[in-house]
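Structural overview for review
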Amino acid sequence: MTDPIRQIAGQFAFTGEYRSAKELQSGLINHTYRLLFEDAGAAREYILQKISTYVFHEPRRMMENIAGVTAHLRRAMLARGEDPSRRVLEIIPTRGGDLMYTDPEGGCWRAYVCVTNAFAYDTVDAAAFREVGRGFGAFQRLLYDYPAGELYESIPDFHNTAKRFEQLDAAIQKDEAHRAREVAYEIDCLQQRRERLCSIVRLIEEGVLPLRVTHNDTKSNNVMLDRDTGRALCVIDLDTVMPGSALYDYGDAIRFGGNTAAEDEKDVSKISLVLEKAAAFTEGFVTETNGFLTEEELRRLPLGIEVMTGELACRFLTDYLQGDKYFATQYDGHNLVRVRAQMALLRDVERKRGAMQQIVDYKNDIGNGYTN
Ligand code: GN1
Ligand code: MG
């Protein structure tokens, strides 16, 4: 029997002999495989991914972004006297030197070196979350002077919450999967919060918040930590690196890693925001970013948590109404479970708004040397 993954792997400039491939389950968009190769007795691991062209319309331009961003990160680390090895995602080109391979069916594939002796958490404790905060904070710092105009928007208006609401409106109107009646309550809950959830977009338009080069998908499992030291090593999943707000990266990370439960927990009574974890992440993030984030950004970080949680609820709901085309689902109604889980988290984040503000103000003061 032919192994299709082995055939695809044969197109890339990997070192050694192919041994095996294992599909990884994390991620809702691309298909990811961990490949094991053997090179003169030594094991080498690589990541092979099939890019979703339903989601990413121009994979080549996206790969050019990633090549540009990783080259910049490497240069920035070297300029600071830091060693970039294992700390920056490394693309493996095809044998012909291309950034990706298109298979005969039109499927788009790319490959990376698998960061050795490292791991990433789906569920983080406070100490690891502090490191995740450092990792994403350092990422923004190192990309501070990246020419944002050169970046192609791999998903236009990705975190434009106002546009996300317009997409929801259109999906309700069309109601192609005949589910709008069933989700009338969820729609209502989101619509009630529409103005507040669109406030980051407004603050950017008003010039209160600056645009930066941001990661835009800051789940804790997108930072690899060193297995020996537990320290943040390498930020991965650079598909959505685009101009955005620092609040997006901060907020999305806490949305995911600060939750007591999984993103698709069915029992919403298990869902809440853990302030200790949020505080740990904040500390890591602020340590790395408070030299350049503005007062407005630092002060408004908590708003990012609400916006990113509500926006994802809106995106899951839109996909549910459209018949589950965008996010991978494991069972009927999976997207609706995700909507309800995000709404439950959002309510708890709203309840803890004051406490979060205190945490952020306190960590910022420490960063600025105002407290001891
Ligand atoms: C998707 O597939 P993954 O884990 O990289 C999505 C994110 C969502 C996330 C929710 C390109 O990320 O925006 O926050 O699912 N990525 C894209 O789990 O839409
Ligand atoms: Mg992603």
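Scroll up to find the structure.
Reference entry: report on the structure contained in this document. What you see is a predicted model; the values in this text were computed from it and never measured. Residue positions within a chain follow its written sequence, with the count starting from 1. Ligands are numbered from 1 and chains lettered from A, in the order in which they are written. Local features are withheld for residues below a pLDDT of 70 in this predicted model, meaning they are given only at 70 or higher, and side-chain atom pairs are given and counted only at 80 or more; totals for whole chains, interfaces and linings count all residues. To get the side-chain values, take all heavy atoms of the structure and skip hydrogens and water.

A look at the coordination of the magnesium ion (ligand 2)
- Donor criterion used throughout: N, O or S atom within 2.8 Å of the metal, extended to 3.2 Å for Na, K and Ca. Water excluded; incomplete-looking sites may result. The magnesium ion (ligand 2) binds to the protein through Asp217 (OD) and Asp237 (OD); the donor distances cover 1.9 to 2.0 Å. On the criterion of sequence distance, the pair formed by Asp217 in the loop between strand 8 (212-214) and strand 9 (223-226) and Asp237 in the loop between strand 10 (232-235) and strand 11 (242-244) is long-range, its members being 20 residues apart.
- Here Asp217 falls in the buried class, since its relative accessible area comes to 19%. Helix numbering and strand numbering both begin at the N terminus, where a helix is a DSSP run of H or I of at least 4 residues and a strand a DSSP run of E of at least 2. To sort residues, take the accessible area from a 1.4 Å probe on protein chains only and compare it with the maximum for the residue type: under 20% means buried, over 50% means exposed, and anything in between is partly exposed.

Focus on the pattern of salt bridges
- Here, a salt bridge means any Lys or Arg side-chain nitrogen found within 4 Å of an Asp or Glu carboxyl oxygen. Tallying each qualifying case throughout the model produces 30 salt bridges.
- Arg61 is paired through a salt bridge with Glu58; the nearest N and O atoms lie 3.7 Å apart.
- With a relative accessible area of 38%, Arg61 lands in the partly exposed category.
- When the shortest N-O distance is used, the salt bridge between Lys363 and Glu283 registers 3.0 Å. Here Lys363, found in helix 12 (residues 353-367), pairs with Glu283, found in helix 9 (residues 275-289); they are 80 residues apart in sequence, far enough to count as distant.
- When salt bridges with common partners are traced through the structure, they connect Glu131, Arg134, Arg141, Arg231 and Glu288 into a single cluster.

A short note on the side chain of Thr32
- When you line up the elements, Thr32 lands in strand 2 (residues 31-39).
- We classify Thr32 as buried; its relative accessible area is 10%.
- Pairing of N or O atoms within 3.5 Å defines a polar contact, subject to two protein rules: one partner must be a possible hydrogen donor and the other a possible acceptor, and residues neighboring in sequence count only if both atoms are side-chain atoms. Separated by 2.9 Å, the side chains of Thr32 and Gln49 make a polar contact.
- Note on definitions: a residue-residue contact is assigned when non-hydrogen atoms from the two residues lie within 4.5 Å. For Thr32, the residues in contact, after removing those within four places along its chain, are Lys22, Glu23, Leu24, Ile47, Leu48 and Gln49.

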